[in-house]
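Observations on the model geometry
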Amino acid sequence: MIEKEKLDQLVKQLIGFNVLKSPSISHNSEIKPSDTIELNLSYSNRKIRVNLAVALRSESKQETEQAHQSVKDDRKHVIQACIVRIMKSRKQLKHSLLIAEVMQQLQNFQPSIPTIKKCIGYLIEKDYIERVEGENDTYQYRA
């Protein structure tokens with residue numbers, strides 16, 4: 001759904017290009033609900049193209065950012081599940097081997113190493129895995 005401000009901007013742009021016509025609306029005036037707007041059926045111009053998507057781009061950028069954030073969150077859950085699966089089967093594993101195993105198992109997308117480290121830290125906080133005492137680079141699964 002288009003917001004009123006964007007719709008007003010788009011209508012003013014079309015009036016400026018003479019695609020729409022309205023005697024009561026100028027390029028700088030406000031559009032009121034009582035204003036009448038008509039389609040200019042006699043409009044034809046082969047040289048000028050009107051881009052109607054200009055006003056809608058900012059909305060699509062916002063939707064794109066929300067979609068990217070949603071994908072990031074979903075991927076973090078997939079990474080965490082992968083780490084738990086690996087640690088559940090291996091019981092104890094060194095940091096470098098765990099990261100290599102996660103990278104190998106996640107073929108759908110290539111997670112970044114800092115993202116994997118954040119997921120490991122989150123799983124340590126939630127007591128799914130723990131560091132082995134005396135060895136900072138080794139993790140142990142907690143049942």
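Scroll up to find the structure this text is about.
Calculation notes
Residues numbered from 1 in each chain as written. Predicted model: local features only at pLDDT ≥ 70, side-chain atom pairs only at ≥ 80, totals over all residues. Heavy atoms only, no water. Axes fitted to C-alpha atoms, helices over the stretch in contact; angles between N-to-C directions. Helix = DSSP H or I, 4+ residues; strand = E, 2+ residues; numbered from the N terminus. Parallel < 35°, antiparallel > 145°, perpendicular 65-115°, else oblique. Left-handed = near helix turned anticlockwise from the far one by under 90°. Contact = heavy atoms within 4.5 Å. Nonpolar A, V, L, I, M, F, W, Y, C, P; charged D, E, K, R; others polar. Pairing = 2+ DSSP bridges.

Further remarks concern the packing of helix H3 (residues 95-105) against helix H4 (residues 113-125). Contact geometry of H3 with H4 gives a least axis separation of 11 Å together with a crossing angle of 115°. With respect to H4, the element H3 is oriented roughly perpendicular. As H3 runs across H4, the sense of the crossing is right-handed. Across from His-95, Leu-98, Ile-99, Val-102 and Met-103 in H3, the residues of H4 making contact are Ile-113, Ile-116, Lys-117 and Ile-120. Tallied by class, the residues present in the contact of H3 with H4 amount to seven nonpolar, one polar and one charged.

Moving on: the sheet that holds strand S3 (residues 92-94). Strand pairing in a sheet relies on backbone hydrogen bonds. The paired strands run either parallel or antiparallel. Read across the open sheet, the three strands follow the order S3-S5-S4; overall the sheet is antiparallel. Of all the strands in the sheet, just S3 and strand S4 (129-132) have a single pairing partner and so form its edges. Recorded for the sheet is a direction-independent mean angle of 35° between the axes of neighbouring strands. Here H3 sits on the sheet and contacts S3 and strand S5 (135-141); the angle it forms with S3, its principal contact strand, is near 95°.

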